[in-house]
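Take a look at the letters that make up each chain.
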Amino acid sequence: MGEILSLPFMQRALIGGALVGFLASYYGVFIVQRGLSFLGSGLAHAAFGGIALGLLLQTEPLWVALPFTVIVAIGIAWVKYRTELSSDTAVGIFFSVSMALGIVFLFLRREYTADAFTYLFGSILAVTETDIWITLGMVIIVFATWPLWSRWAYTSFDRELAQTDRLPVIRDDYFLSVLVAVTIVVAIKVVGIVLIAAFLVIPAATARVLSRSFRMMTVVSVTIGVSSALIGLVVSYYINIPSGATIILIQSLLFFIAMLTKSSR
Amino acid sequence: MSNYAVQVESLTVTFDDHHPLDNLNLTIARNEFVAIVGPNGAGKSTFLKTLLGLIHPAKGRVRIFGSPPPKVPPKSIGYVPQVKTMDRSFPALSIELVLTGIRGRWPWRFPKNEYQKAFGAMERVGADHLAQRPLSKLSGGELQRVYLARSIVREPKLVMLDEPATGIDVVGEADLYRLLEAYQKDFGATIIMVTHDWHAATHHADKVLLLNNKQISFGPPGKALTEDNLRLAFGHIGHKHALKFLVNSSTRSQTNG
């Protein structure tokens, strides 16, 4: 164990993983409770479009993926409010467009695109100090916007009641979408595009099974998100398998244990 | 301060090319109990949501205690939504829902004074034993009591309820109306209730608004619920038997009253 902590890349991966685990599992409780699990998947694929554009432009892909994903997140919310389409349909449209753009951008690059696989499946070796500072910045935003927990929770419970209490539910929804989009982009290096949606959904779903209140669900989700990221990174290091997949498998194991424990009571 | 709880002038609400509410005109005095009745799709819930400021009128004017609905402080109004729309998968204790009535937010912590106030409201409606119970484990009647506690926890002067008796048994229904009447009396509050329950409308309300997108009638039950008005609101031949029952129950109530 001492050996793993002495390796600079593992130090970065553990800190980055814990921070990303915190962020994804915190926002995940709102995603799960609002029935928006598909949103995580849609935004992750939007990020793929942005990363492909970054690779085409030969610049840092995540810096392109960030505004790209945020615009898609706003676009999904906008389509939802402007039409009578469900969230899933709006996500489905942007999901497909972003993937199609990503494929076109990678094709236009006309070079070997090994880099793209790093982003698709995640790589702890790729986590830089800058990534950690950005992720830490996002965690600070969570604490700075702490009063929004009460508003998002209230809207998640009953949108109409929240509106009768004059909460700006639409503005809050847009803000939540943007923060989820940024979380997805900062999580890509640790978890990878393919699995990031699970990172948002599984800890929150496990917490829902175990919790009697939304406050408890939030605490349990964050605890699972952080601990599974740390355990998953250590396990993946020792048995030399992809970190993102290991984390998700540990989260899934916890989910089924929680479900079976709960249903056997 | 306005003498009226609610003033509605030439109110028209438009959804695309359809008018769920067309030219409504009425005033509701303070301390009145008003039932809103009409067939499905008559605009009853739309009317309530317009009073709450959730829907903006296409034409006309609405005033709640003399102010436009969006300017009315939330603490002045208690609202009980249709329970059937509640998300039962949301993890919440009953007391937390009542606390939202105080804060206008979902509670992270339970400060003692707020907890006591919320618990007091639950006691008032006979739901104090449900305080620590998850909402998902409550029956329809229990849930309705918790929502009622939430709506009165800030002691508002106006309480609006959307089909509060749906899904509760006869005893629970009688309890609900007893609690509403007690609250109306004790706090001088105005009660506005959407209902399909004619018995409740004729027996508990001071006035009835009979609605079918247009305002068919508004006044004391005996005057509002005449056979002609009921026929106008519900009236085609397919409702013949229902209409007969409604007219009879309305007439009975006038005789008893």
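Residues numbered from 1 in each chain as written. Chains lettered and ligands numbered in written order. Predicted model: local features only at pLDDT ≥ 70, side-chain atom pairs only at ≥ 80, totals over all residues. Heavy atoms only, no water.

**Considering the confidence of the model for chain A**
Per-residue pLDDT for chain A has a mean of 90; in total, 97% of the residues score no lower than 70. Mean pLDDT values for the elements of chain A range from 74 in helix α6 (residues 114–121) of chain A up to 96 in helix α8 (residues 147–157) of chain A. (pLDDT = per-residue confidence, 0-100. Helix = DSSP H or I, 4+ residues; strand = E, 2+ residues; numbered from the N terminus.)

**Comments concerning the packing of helix α2 (residues 8–33) of chain A against helix α11 (residues 196–210) of chain A**
Residue and element names in this part refer to chain A. One can describe the packing of α2 onto α11 by two numbers: an axis separation of 7 Å at closest approach and a directional angle of 65 degrees. Taken together, α2 and α11 sit at an angle that is classed as roughly perpendicular. Our pair here, α2 against α11, has a crossing hand that is right-handed. Listed contacts from α11 to V20, G21, A24, S25, G28, V29, V32 and Q33 of α2 are F199, L200, V201, P203, A204, A205 and R208. Residue composition of the contact of α2 with α11, grouped by class: ten nonpolar, four polar and one charged. (Axes fitted to C-alpha atoms, helices over the stretch in contact; angles between N-to-C directions. Parallel < 35°, antiparallel > 145°, perpendicular 65-115°, else oblique. Left-handed = near helix turned anticlockwise from the far one by under 90°. Contact = heavy atoms within 4.5 Å. Nonpolar A, V, L, I, M, F, W, Y, C, P; charged D, E, K, R; others polar.)

**Re the interface of chain B and chain A**
Taken together, the contact between chain B and chain A spans 31 residues of the former and 26 residues of the latter. Sorting the residues of chain B by area buried against chain A places P91, W106 and W108 of chain B first, and these three jointly supply 29% of that buried surface. Linking chain B to chain A there are three salt bridges. Summed over the shared surface of chain B and chain A, the result is 16 residue pairs in polar contact (both at pLDDT 80 or more). Elements that contribute at least two residues to the side of chain B that touches chain A include exactly α1 (44–52), α2 (94–103) and α4 (140–152) of chain B. (Buried area = accessible area lost by both parts, 1.4 Å probe. Salt bridge = Lys/Arg side-chain N within 4 Å of Asp/Glu carboxyl O. Polar contact = N/O pair within 3.5 Å; in protein donor to acceptor, adjacent residues only side chain to side chain.)

**Topic: the packing of α2 of chain A against helix α10 (residues 169–191) of chain A**
All names here are of chain A. Remark: α2 packs on α10, axes separated minimally by 9 Å, with the N-to-C direction vectors making an angle of 145 degrees. As α2 packs across α10, the resulting crossing turns out to be left-handed. Here α2 contributes G16, G17, V20, L23, A24, Y27, F30 and I31 to the contact with α10, which in turn contributes L176, L179, V180, T183, V186, A187, V190 and V191. A per-class count over the contact of α2 with α10 returns 13 nonpolar, three polar and no charged.

**Some thoughts on the side chain of D173 of chain A**
Relative to the helices and strands, D173 of chain A is located in helix α10. Not counting the four nearest positions on each side in its chain, D173 of chain A is found in contact with R34, Y81, T155 and R159 of chain A.

**What about the packing of aromatic side chains?**
Taken as a whole and assessed by the stated rule, the structure comprises 24 aromatic pairs over all chains. Ring centres of Y27 of chain A and W152 of chain A lie 6.3 Å apart, and the angle between their planes is 70 degrees; this geometry places the pair in the edge-to-face category. With a gap of 125 residues between them, Y27 of chain A in helix α2 and W152 of chain A in helix α8 connect regions that are remote in the sequence. One exposure class covers both Y27 of chain A and W152 of chain A, and it is buried. One cation-aromatic arrangement involves R215 of chain A over F110 of chain B; the distance from NZ or CZ to the ring centre is 5.4 Å. (Phe/Tyr/Trp six-rings, centres within 6.5 Å; stacked < 30°, edge-to-face > 60°. Buried < 20%, exposed > 50% of the residue type's maximum accessible area, 1.4 Å probe, protein only. Lys NZ or Arg CZ within 6 Å of the ring centre and 35° of its normal.)

**So, unusual backbone geometry**
All names here are of chain B. Backbone geometry places S10, a non-glycine residue, at a positive phi of 50 degrees. Within the fold, S10 resides in strand β1 (residues 4–15). What makes S10 partly exposed here is its relative accessible area of 36%. Of note, N31 is a non-glycine position whose phi angle comes to about 70 degrees, a positive value. Note that N31 resides in the loop between β2 (18–29) and β3 (33–37). N31 sits in the partly exposed class, given a relative accessible area of 39%.

**A look at the pairing of β1 of chain B**
All names here are of chain B. Note that β1 and β2 share seven bridges and pair antiparallel. Within β2, the residue paired with Q7 across the bridge is T27. The turn joining β1 and β2, which pair antiparallel and follow one another in sequence, is formed by two residues; a positive phi near 55 degrees is taken by D16. Where β1 meets strand β4 (residues 59–64), five bridges bridge the pair, whose relative direction is antiparallel. When the sheet's bridge partners are listed, V8 is paired in β4 with V62. (Pairing = 2+ DSSP bridges.)

**Quick notes on the pattern of salt bridges**
Counted under the stated rule, the structure contains 16 salt bridges over all chains. Residue D165 of chain A is joined to R154 of chain B by a salt bridge in which the shortest nitrogen-to-oxygen separation is 2.8 Å. Here D165 of chain A is found in the loop between α9 (159–164) and α10, whereas its partner R154 of chain B is found in the loop between α4 and β6 (158–162) on a different chain. Close ionic contact of R124 of chain B with D186 of chain B constitutes a salt bridge, the shortest N to O distance being 2.7 Å. Of this pair, R124 of chain B sits in helix α3 (residues 112–124) while D186 of chain B is found in helix α5 (residues 170–187), placing the two residues 62 residues apart along the sequence. The class for R124 of chain B is partly exposed, based on a relative accessible area of 34%. Overlapping salt bridges, with partners in common, bring together R34, R159 and D173 of chain A in one network.

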